[in-house]
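Architecture at a glance
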Amino acid sequence: MNPPNDRHLTIIGAGLAGAVLATLLARRGWDVEVYEKRDDPRKRDLERGRSINLALAERGRNALRQAGADEAVMAQAVMMRGRMVHFADGRTDLQRYGRDDSEVIWSVHRGELNRILLDIAERAGARLHFDLGLQSVDFDNRIAHYGGRDGQSRAIPFRTLIGADGAGSSLRQAMAAETDLRERSDFLDHSYKELEIPPSPGGDFLIEPNALHIWPRGRYMCIALPNDEQTFTVTLFLPNAADPEAGVPGFDTIRTGADARALFDREFPDASALIPRLEQDFDGNPTGVLGTLYLDRWHLDGRAVLVGDAAHAMVPFHGQGMNCAFEDCVALAEHLDRTADRATAFAAFQAERLPNARAIQHMALENYLEMRDRVDDDDYLIQRALERLLAERHPDRFVPRYAMVTFRHIPYAVALERGNIQRELLVELTRGHQRLDTLDWDSVDAAVRARLASLPGDDRPA
Ligand code: FAD
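Note that the structure is predicted; figures quoted are calculated from it, not measured.

**A word on the pairing of strand S11 (residues 153-157)**
Pairing between strand S10 (residues 143-147) and S11: five bridges, direction antiparallel. Bridge pairing in S11 places Ile143 opposite Pro157. From the end of S10 to the start of S11, which pair antiparallel, there are five residues, and Gly151 there has a positive phi angle of about 80 degrees.

If you want it as structure tokens, here you go:
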């Protein structure tokens, strides 16, 4: 077997990041081969299967535009203007994400998105091989071993392996046998279960479609995202262990579909009425774990590099894991363009992206507390109201952290740093106030000018 040419790159994993990266690289003239352990999802039955959806935001869309995939993806996306909070007393309130419909996020069907991206990767010239999972790597001789359902192992030479093989990455494991990546994982003491709200008998959405619904209940919560087939994917987040004294349920006490129905009837009654197959969904769907993966090294000189969840899996509470993975793909393609030396390109990629991955991992963890515990809290609500006003009064200086993360391309690390300063300001300025009309606006404006420089421009053009 001939060793691959010097424009050859091997991507492990044809999931979300693998498919986008393959497209970006193939469009730049790289000779791209992708190995995916599952079957080709485009060949599965025409039914779309269980609906699992993801929130797509500007960073992800920016990458999709560069891959020529934005139009096809957006054709099946559902707009989400804000969080529709379902309070315990049955009231609902739409908390907008941005100023208007130019600042929204989009719910996309994971399976459909993957299929669209695979078509586009193939059209761009990437060669995709399914049912071939990476098993082991001989880095000295640059031979990767793959296996499929037939039980045969295949040894295939490579120049460089790019790991887009997700949180349980096999490539990461192989790299770790060569060098210490300083890997650690922090698992949350919460897990999740997916359920589904079907369409109405007339085929419509049963609740407001253009929102991400949240039922916050302190130490646990439920969310629902719309699908373009008029369903909602509901995700129940619960602690692994109940705290009976605090009245907090856990997956150790909510074990069966019947337990889950009783919990919903008690704590989420409006949602319960919308989920006829709650018992079956709860019993039939797996319970997902949630964790953050930290590595100090993402590459093995010029021979291997990791992107997306393989490098930095995060908890899903900012809806940024895929968006961040797509941003990685753009950055890696650009670094590979800049120098012929792959080790140099990967080191530069890691230097750019690792601090930003750390920042969004941190913000995703913080957002968990915010979503389940703060969206119905009075201090939080007055701070959010002031945040919106300051964003209008000082659009160059005060950009809400959520907006910096979701609607801009400024590095996540900058969003985190500025967000911390802004949060301190909001707490200080609203201390002792229940209403915004009691604030002294001259001193508020002076404080914003003194503490916040003009926001640096986006690092990448839209
Ligand atoms: P994956 O999507 O996991 O793809 C990895 C691919 O590699 C798969 O196709 C897999 O089959 C393949 N593979 C694995 N091992 C091998 C092997 N040995 N050989 C070959 N192929 C292999 N992100 C958002 O941006 N917005 C959201 O709203 C959002 N919601 C989420 C909700 C939940 C409950 C969870 C768990 C995550 C959510 N995320 C969200 C995060 C998002 O799912 C991930 O960040 C994203 O899927 C990462 O893409 P990836 O390509 O790196 O990994």
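**Examining the domain arrangement of the protein**
Entries for the protein in the domain assignment read domain 1 (8-77 + 105-184 + 291-367), domain 2 (186-290) and domain 3 (377-451). One C-alpha centre belongs to domain 1, the other to domain 2, and the line joining them spans 29 Å. Taken residue by residue, the interface counts 19 residues in domain 1 and 19 residues in domain 2. Here domain 1 meets domain 2 over a buried area of about 1,400 Å², counting both sides, of which 52% is carbon and sulfur. Where domain 1 meets domain 2, there are zero salt bridges. Inspection of the domain 1/domain 2 interface yields six residue pairs in polar contact (both at pLDDT 80 or more). Taken together, the elements giving at least two residues each to the side of domain 1 that touches domain 2 come down to strand S3 (53-56), strand S7 (105-109) and strand S17 (287-294). Of the residues contributing to the side of domain 1 that touches domain 2, the split by class is nine nonpolar, seven polar and three charged.

**Quick notes on the nonpolar core**
Core analysis: the largest hydrophobic core is formed by 79 residues, its most contacted members being Leu25, Phe139, Leu161 and Leu171. Counting 33 residues, the second largest nonpolar core, distinct from the first, contains Ile214, Cys324, Phe407 and Leu416.

**Notes on the sheet that holds strand S8 (residues 127-129)**
Strand order in the open sheet formed by six strands is S8-S2-S1-S12-S19-S18, and the pairing between neighbours is mixed. Edge positions in the sheet fall to S8 and strand S18 (299-300), since each of these pairs with one other strand and no more. Note that S18 and strand S19 (residues 304-306) share two bridges and pair antiparallel. Counterpart to Leu300 in the pairing with S19 is Ala304.

Cut-offs used in this document
- Sequence order sets the numbering: in each chain, residues are counted from 1 along the sequence as written.
- Predicted model: local features are reported for residues with pLDDT of at least 70 only, side-chain atom pairs are reported and counted for 80 or more only, and whole-chain, interface and lining totals are derived from all residues.
- The basis for every side-chain value is the complete set of non-hydrogen atoms in the structure, without hydrogens or water.
- We treat two strands as partners when DSSP finds at least two bridges between them.
- Helix and strand definitions here come from DSSP, where helices need a minimum of 4 consecutive H or I residues and strands a minimum of 2 consecutive E residues; each element is numbered from the N-terminal end.
- Those domain boundaries reflect an automatic or database domain assignment.
- It only takes one pair of heavy atoms within 4.5 Å for two residues to be counted as in contact.
- The term buried area refers to how much accessible surface (probe radius 1.4 Å) is lost by two components on association, counted for both of them together.
- The working definition used for a salt bridge is a side-chain nitrogen of Lys or Arg within 4 Å of a carboxyl oxygen of Asp or Glu.
- Contacts described as polar in this section are N or O atom pairs within 3.5 Å, which, within protein, must combine one atom able to donate a hydrogen with one able to accept it, while residues neighboring in sequence count only if both atoms come from side chains.
- Any residue that is not Ala, Val, Leu, Ile, Met, Phe, Trp, Tyr, Cys, Pro, Asp, Glu, Lys or Arg is counted as polar, Gly included; the first ten are nonpolar and the last four charged.
- Residues grouped as a nonpolar core are buried Ala, Val, Leu, Ile, Met, Phe, Trp, Tyr and Cys residues, joined through side-chain atoms within 4.5 Å.
- Under the scheme applied here, a residue whose accessible area is under 20% of the maximum for its type counts as buried, over 50% as exposed, and between as partly exposed, the area being computed with a 1.4 Å probe on protein chains only.

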